[in-house]
Amino acid sequence: TAGPPDRQVARLGAPYPNPFNPRTSILLETRDRASWVVRIIDVRGRHVGTVFEGSLPAGSHPLVVDASGLSSGVYWFAARSSLGDRLVVRGVLVR
């Protein structure tokens with residue numbers, strides 16, 4: 001018997017601009033409606049900010065990142081959906 005149909009995965013675009021100061025945007029492309037959490041993670045693996053938390057329909061969703069309260073450095077933007085998607089992109093904040 002055949003398994004369940006393959007669900008197309010979501011995609012998290014690289015931040016633009018990158019490096020950035022203090023704002024950048026990332027594009028979250030979703031194939032299915034789902035609840036999403038997009039967090040900012042520092043080089044020590046600490047959650048230092050939340051970009052978005054909520055439900056999104058299928059489609060392209062530009063998300064603005066405001067890192068005005070963070071120091072210069074490398075950060076990861078980590079997205080997780082209620083459907084099991086886990087996506088990560090890297091950004092560099094330069095002051």
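Quick caveat, the model's predicted, so the values are computed rather than measured.

Calculation rules
Residues numbered from 1 in each chain as written. Predicted model: local features only at pLDDT ≥ 70, side-chain atom pairs only at ≥ 80, totals over all residues. Heavy atoms only, no water. pLDDT = per-residue confidence, 0-100. Helix = DSSP H or I, 4+ residues; strand = E, 2+ residues; numbered from the N terminus. Pairing = 2+ DSSP bridges. Polar contact = N/O pair within 3.5 Å; in protein donor to acceptor, adjacent residues only side chain to side chain. Contact = heavy atoms within 4.5 Å.

(A) Main features of the confidence of the model for the protein. For the protein, the average pLDDT comes to 93, and 92% of its residues sit at 70 or higher. When mean pLDDT is compared element by element in the protein, strand 3 (residues 34–41) scores highest at 98, while strand 1 (residues 11–12) scores lowest at 96.

(B) How the structure looks around the pairing of strand 2 (residues 23–30). Bridging between strand 1 and strand 2 involves 2 bridges; their strand directions are antiparallel. Considered in strand 2, the bridge of R11 is made with E29. As defined by bridge partners, strand 2 adjoins strand 5 (residues 59–66) across 8 bridges and the pair is classed as antiparallel. Bridged to I26 within strand 5 is L63.

(C) Representation of the pairing of strand 6 (residues 73–81) in the model. Direction of pairing for strand 3 relative to strand 6: antiparallel, over a ladder of 6 bridges. When the sheet's bridge partners are listed, V38 is paired in strand 6 with A79. As paired elements, strand 6 and strand 7 (residues 86–93) share 8 bridges and run antiparallel to each other. When the sheet's bridge partners are listed, A79 is paired in strand 7 with L87. The hairpin formed by strand 6 and strand 7 contains 4 residues between the paired strands, and G84 there has a positive phi angle of roughly 100°.

(D) Representation of the side chain of S81 in the model. Examined against the element boundaries, S81 turns out to sit in strand 6. Separated by 3.1 Å, the side chain of S81 and the backbone nitrogen of L83 make a polar contact. Sequence-distant contacts of S81, defined by excluding residues within four places in its chain, comprise A34, S35 and W36.

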